[in-house]
Amino acid sequence: MFQRWFQNRYDEAVKVTTPLSPWVVKQLSKWFNDAHHFVVKPINRVEFELKDGKKDRLVNLSKKTCSCCEFQTDLLPCNHAIAAISKCKHEAVEFYADNYKTTVLVEDYAGSIRLVGHPSEWDISLHVKQIVVLPLAWQCQTRKPRRKRIPLVGESSRPRRCSQCNRYRHNR
Ligand SMILES: [Zn+2]
């Protein structure tokens, strides 16, 4: 199964002609459309202040960060960073992590997946064979459900007849 998955993904990756993966290209196109709505003010050569009508954002292209935190978390420029990148005439591809680049994608799926063989053929070291793996300690917590309803405060329970005097008495 892994062999098939890797081969299929490798075949798809080598067909890609863009420097970034198709998913990133689609995302990038969306971010470029959003970027037109921002007012970008350069603070210096690497820092930019953006106004989008709701919140102000601060983008640092040198540190690859944005105050929205998407740039540094996803390792790909957010729409604010794309606006800043466009303002300073850089190429967006410079700011993407290598994982999103087509060349890396091809290399990732070029690896070989070999069969593991039958367990009787495995070469397992003695110290690994001696390890005993037990399931976690677990205690059954099932409890028999209560059959009698607890009366509310002020609610009287059904009177019962006394076996000695044969009178009714109320339980409390
Ligand atoms: Zn952002």
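The structure displayed is predicted, hence computed values, not measured ones.

Rules of the game
- Residues numbered from 1 in each chain as written.
- Predicted model: local features only at pLDDT ≥ 70, side-chain atom pairs only at ≥ 80, totals over all residues.
- Heavy atoms only, no water.
- Pairing = 2+ DSSP bridges.
- Helix = DSSP H or I, 4+ residues; strand = E, 2+ residues; numbered from the N terminus.
- Phe/Tyr/Trp six-rings, centres within 6.5 Å; stacked < 30°, edge-to-face > 60°.
- Buried < 20%, exposed > 50% of the residue type's maximum accessible area, 1.4 Å probe, protein only.
- UniProt positions renumbered as here; feature names shortened; annotations may be inferred.
- Patch = residues over 30% accessible without salt bridge, like charges linked within 9 Å, V, L, I, M, F, W, Y side chains within 5 Å.
- Areas by Shrake-Rupley, 256 points an atom, 1.4 Å probe, with all protein chains shown as cover.
- Salt bridge = Lys/Arg side-chain N within 4 Å of Asp/Glu carboxyl O.
- Expected span 1.5 Å × (residues − 1).
- Arc of directions from axis to C-beta.
- Donors = N, O, S within 2.8 Å, 3.2 Å for Na, K, Ca; no water.
- Tetrahedral: all angles 85-135°; square planar, octahedral: opposite > 155°, others 65-115°.
- Axes fitted to C-alpha atoms, helices over the stretch in contact; angles between N-to-C directions.
- Parallel < 35°, antiparallel > 145°, perpendicular 65-115°, else oblique.
- Contact = heavy atoms within 4.5 Å.
- Nonpolar A, V, L, I, M, F, W, Y, C, P; charged D, E, K, R; others polar.

Some remarks on the pairing of strand 1 (residues 39-42)
Pairing geometry for strand 1 and strand 2 (residues 47-51), over 4 bridges, is antiparallel. Each residue of the ladder has a partner; that of Pro42, found in strand 2, is Phe48. Connecting the antiparallel pair strand 1 and strand 2 is a turn made up of 4 residues.

Observations regarding the packing of aromatic side chains
A complete count under the given rule lists 4 aromatic pairs for this structure. Summarising the aromatic geometry, the rings of Phe6 and Tyr109 are spaced 5.3 Å apart at their centres and angled 75 degrees between planes, so their arrangement reads as edge-to-face. Here Phe6, found in helix 1 (residues 2-15), pairs with Tyr109, found in helix 5 (residues 102-109); they are 103 residues apart in sequence, far enough to count as distant. A relative accessible area of 23% places Phe6 in the partly exposed class. Measuring from ring centre to ring centre gives 6.3 Å for Tyr96 and Tyr100, while their planes differ by 75 degrees; the resulting arrangement is edge-to-face.

Comments concerning the pairing of strand 2
Of the two faces of strand 2, only the one carrying Phe48 and Leu50 is buried; Glu47, Glu49 and Lys51 on the other face are not. When strand 2 meets strand 3 (residues 56-60), the two strands line up antiparallel, connected through 5 bridges. Among the inter-strand pairings, Phe48 is bridged to a residue of strand 3, identified as Val59.

Here's the deal with the UniProt feature "domain: SWIM-type" (unreviewed entry) in the protein chain
The feature "domain: SWIM-type" (unreviewed entry), as given by UniProt, occupies residues 57-89 in the numbering adopted here. Taken end to end, residues 57-89 comprises 42% helix and 18% strand; its first and last C-alpha atoms sit 19 Å apart.

Thoughts on a nonpolar patch on the surface
Taken together, Val116, Trp122, Ile124, Val128, Ile131 and Val133 make up a surface patch of nonpolar side chains, about 590 Å² in accessible area. For Ile131, the position within the fold is in the loop between helix 6 (126-129) and strand 5 (160-161). Under the relative-accessibility criterion, Ile131 is labelled exposed at 53%.

What to know about the sheet that holds strand 4 (residues 65-66)
With respect to topology, 4 strands assemble into an open sheet ordered 1-2-3-4, the strand pairing being antiparallel. For this open sheet the edge positions go to strand 1 and strand 4, each flanked by a neighbour on one side alone.

Thoughts on helix 2 (residues 22-35)
Over its 14 residues, helix 2 runs 20 Å from end to end, which matches the ideal 20 Å to within 8%, given 1.5 Å per residue. Of the positions making up helix 2, those classed as buried are Val24, Gln27, Leu28, Trp31 and Ala35. When helix 2 is viewed along its axis, its buried side chains cluster within an angular range of 105 degrees and face the same direction. In helix 2, those exposed residues whose orientation departs by more than 90 degrees from the buried face are Pro22 and Lys26.

Quick notes on the coordination of the zinc ion
The coordination sphere of the zinc ion, as far as protein atoms go, consists of Cys66 (SG), Cys68 (SG), Cys78 (SG) and His80 (ND1), spread over 2.1 to 2.3 Å. The site at the zinc ion holds 4 donor atoms, and with the angles between them running 106 to 112 degrees, its shape is tetrahedral. Every donor residue of the zinc ion comes from the same chain, spaced as C-x1-C-x9-C-x1-H. You can call His80 buried: its relative accessible area is 6%.

A few points about the packing of helix 2 against helix 4 (residues 79-87)
Packing of helix 2 against helix 4 leaves a shortest axis separation of 8 Å and a crossing angle of 75 degrees. Between helix 2 and helix 4, the interaxial angle falls into the category roughly perpendicular. Residues Leu28, Trp31, Phe32, Asp34 and Ala35 of helix 2 pack against Asn79, Ile82, Ala83 and Ser86 of helix 4. For the contact of helix 2 with helix 4, the per-class residue count stands at 6 nonpolar, 2 polar and 1 charged.

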